[in-house]
Amino acid sequence: MAFNVHDIRKDFPILQREVNGKPLVYLDNAATSQKPQQVIDSIVNYYSGFNANIHRGVHTLSQEATDAYEVARKTIQKHFNIANSHEVIFTSGTTHSINIVAQGYTALLQQGDEIIVSAMEHHSNIVPWQMLCERTGAILKVIPMNEQGVLVLSEYEKLLSEKTQLVFVNHISNALGTINPISEIIDKAHSVDAAVLIDGAQSCSHIKPDLQKLDVDFYVTSAHKMCGPTGVGMLYGKEEWLKKLPPYQGGGEMIKEVTFEKTTYADLPHKFEAGTPNISGGIAFGAALEYLNNIGFEAIANYEQELLDYATHELLGIDGLTIYGTGPDKTSVISFNLEGIHPYDIGTIVDKLGIAVRTGHHCAQPIMDFYNIPGTVRASFAFYNTMQEVDALVNAVRKAQMMLS
């Protein structure tokens, strides 16, 4: 289909509303994306048409719900080019997915083993690994970044050794927009027989990763940042690794046989899917991927690059404005500050003008400490934003500067 942002915006009901008497300008897409009517309808259709528990019933509604849920799993498999549908584990989101792997690695690590994280991770890709080190005696090492907000790969190479068991890096930084060279990171880790987990929470709305081509061991993401619902996500793991990891939690669905003497576990993917899942969310996750693919990721990427370039140029025209994250490869996220003004104050004023941005450390406090700042204003753009909305942001920032200086 031809890319027409004004036609696309008609699919998103929330974009028609006002905030504080002004047309909504939603620029907080890195926190969560808005949902098209097609995704909303898929949730309504499930609850109004065939709401039932899955995998357990012989009645018609249960079979229909099961079929729709498993079709969504197949849609995810195809989208990410995953070899087997049972390597797709439904989770509640990226954080849940990371914790499944981190908890499972408790049984695989020994004292003195080393794991590597990058300096630009979200807290959800730091804290679980720190907890893992506390449980096992493993050592956490950190890939540094430079002033541009780019990882220093020469230092990463020095960190790798025969002691390295696992490397985990985000595909795209939520705080800076930097696109990390994950293919090179994966290859270098594999050269020392270390596994790799990539946090794709920020990337999957902008990039369509080919997980077989990347040869990544684990890849995690959330539906809500790619036009899907909250409360559902994906853990991809190579079959060989998922079989090594023990179950994250026990309950129904994840068992093969239960007696009071011994329990045996179900095969993949059910081994990691205990309890009643977010059925409507899984179905809607598939609907969101279908929606994005109908638009086309190349068209999305090209348009978002135009938004990024224009917004960067216009914001840098404001005296005293600093942008953090200036590497050559980045997506449509701009984190900035105005000299002498706290980012929270800027966010409060632009909200009064109907513009939604994020302020704070964006769950990436080590990045803020690196730059010695309390936080930033983050404007994150999606394919349904317009150049006119960029203009509205720039004018609002200028007004905030005038009021607060």
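Note that this is a predicted model, so its numbers are computed, not measured.

Caption draft 1: Looking closely at the overall build of the chain. In terms of regular secondary structure, the chain is built from 14 helices and 17 strands. Against the globule reference of 22 Å for 405 residues, the chain gives a C-alpha radius of gyration of 22 Å, in line with a compact fold. Seen through its C-alpha atoms, the chain measures out along the principal axes to roughly 70 × 55 × 35 Å. Within the chain, the fraction of its 405 residues that count as buried is 54%.

Caption draft 2: Structural view of the pairing of strand β4 (residues 88-91). Of the two faces of β4, the one holding Val88 and Phe90 and the one holding Ile89 and Thr91 are both buried throughout. Sheet topology places β4 next to strand β10 (residues 233-237); 4 bridges connect them, and they run antiparallel. Paired with Ile89 across the bridge in β10 is Leu235.

Caption draft 3: Region of interest: the pattern of salt bridges. Applying the stated rule across the entire model yields 13 salt bridges. With its nearest N and O atoms 2.7 Å apart, the salt bridge here joins Arg358 to Asp28. With Arg358 in strand β16 (residues 358-360) and Asp28 in the loop between β3 (25-26) and α2 (37-49), the pair connects residues that are 330 residues apart, well separated along the chain. A salt bridge links Lys158 to Glu155, with the shortest nitrogen-to-oxygen separation between them at 3.1 Å. One end of the pair, Lys158, and the other, Glu155, are both in helix α6 (residues 153-159), 3 residues apart, so they sit about a helical turn from each other. Judged by its relative accessible area of 62%, Lys158 falls in the exposed class. Each of the salt bridges in this network shares a partner with another, and the network as a whole consists of Asp28, Arg358 and Arg378.

Caption draft 4: Inspection of the nonpolar core at higher detail. Ranked by internal contacts, the top residues of the largest apolar core, which has 70 residues, are Tyr156, Val167, Val216, Met234, Phe285, Ile367 and Phe383. Ranked by the residues each element gives to this core, the list is headed by helix α10 (residues 279-295), at 10 residues. When sequence neighbours within four positions are dropped, the list of residues in contact with Val216 reads Ile186, Val196, Ile198, Leu211, Tyr236 and Lys238. Counting residues in each nonpolar core, the second largest holds 29 residues, with Leu338, Ile349, Phe381 and Leu393 among its members.

Caption draft 5: Structural context of the sheet that holds β16. Strand order in the open sheet made by the 4 strands is β13-β14-β17-β16, with antiparallel pairing throughout. Each edge of the open sheet carries a strand with a single partner, namely β13 (321-324) and β16. The mean inter-strand angle of the sheet, taken between neighbouring strand axes irrespective of direction, is 30°. Bridging between β13 and strand β14 (residues 333-338) involves 4 bridges; their strand directions are antiparallel. Its bridge partner lying in β14, Ile323 is registered against Phe336. Relative to β14, helix α11 (residues 297-315) is tilted by about 10°, and along the sheet it contacts β13 and β14.

Caption draft 6: Structural detail: empty space enclosed by the protein. A complete count under the given rule lists 1 cavity of 30 Å³ or more for this structure. Looking at the largest cavity, its volume works out to about 130 Å³. Asn29, Ser205, His206, Lys225 and Ala382 are the residues nearest the centre of the largest cavity, which is lined by 17 residues in total. When grouped by side-chain class, the residues that make up the lining of the largest cavity number 8 nonpolar, 7 polar and 2 charged.

Caption draft 7: Broad picture of the sheet that holds strand β5 (residues 114-118). Reading across from one edge, β4-β10-β9-β8-β7-β5-β6 is the order of the 7 strands in this open sheet, with mixed pairing throughout. Bordering the open sheet on either side are β4 and β6 (139-143), each of which pairs with just one other strand. Each adjacent strand pair in this sheet contributes to an overall mean axis angle of 20°, direction not counted. Relative to β6, β5 runs parallel, the two being bridged by 5 bridges. Residue pairing for β6: Ile116 is matched across the bridge by Lys141. Against the sheet, helix α4 (residues 94-104) engages β4, β8 (195-199), β9 (218-222) and β10, with an angle of about 155° to β9.

Caption draft 8: Representation of the layout of surface pockets within the structure. Taken as a whole, the largest pocket spans an internal volume of roughly 230 Å³. As for the largest pocket, its lining consists of 17 residues, of which Thr94, Thr95, Ala201, Ser222 and Lys225 are closest to the centre. Sort the elements by how many residues they give to the lining of the largest pocket and α4 lands first, with 3 residues. Tallied by class, residues from the lining of the largest pocket come to 2 nonpolar, 13 polar and 2 charged.

Caption draft 9: Geometry of the packing of helix α12 (residues 343-352) against helix α14 (residues 387-404). Relative to each other, α12 and α14 sit at 120°, their axes nearing to 9 Å. Here α12 lies oblique to α14, going by the angle between them. Considering how the two elements wind past one another, α12 and α14 form a crossing that is right-handed. Residue-level contacts link Asp345, Ile346, Ile349 and Val350 of α12 to Ala396, Val397, Ala400, Met403 and Leu404 of α14.

Caption draft 10: Examining α10 more closely. Here α10 spans 25 Å end to end across 17 residues, near enough to the 24 Å set by a 1.5 Å rise per residue. Of all 17 residues that make up α10, 14 are buried, and the element is covered over most of its length. Positive phi appears at Gly296, one or two residues downstream of α10, with a value of about 105°.

Parameters and conventions
Residues numbered from 1 in each chain as written. Predicted model: local features only at pLDDT ≥ 70, side-chain atom pairs only at ≥ 80, totals over all residues. Heavy atoms only, no water. Helix = DSSP H or I, 4+ residues; strand = E, 2+ residues; numbered from the N terminus. Rg over C-alpha atoms; globule rule 2.2 N^0.38 Å. Buried < 20%, exposed > 50% of the residue type's maximum accessible area, 1.4 Å probe, protein only. Pairing = 2+ DSSP bridges. Salt bridge = Lys/Arg side-chain N within 4 Å of Asp/Glu carboxyl O. Core = buried A, V, L, I, M, F, W, Y, C linked by side-chain atoms within 4.5 Å. Contact = heavy atoms within 4.5 Å. Axes fitted to C-alpha atoms, helices over the stretch in contact; angles between N-to-C directions. 1 Å grid on protein atoms, 1.4 Å probe; cavity = no way out; pocket = protein on both sides within 12 Å on 5 of 7 lines; lining within 4 Å. Points joined across faces, edges and corners; volume = space filled by probe spheres on them. Nonpolar A, V, L, I, M, F, W, Y, C, P; charged D, E, K, R; others polar. Parallel < 35°, antiparallel > 145°, perpendicular 65-115°, else oblique. Left-handed = near helix turned anticlockwise from the far one by under 90°. Expected span 1.5 Å × (residues − 1).

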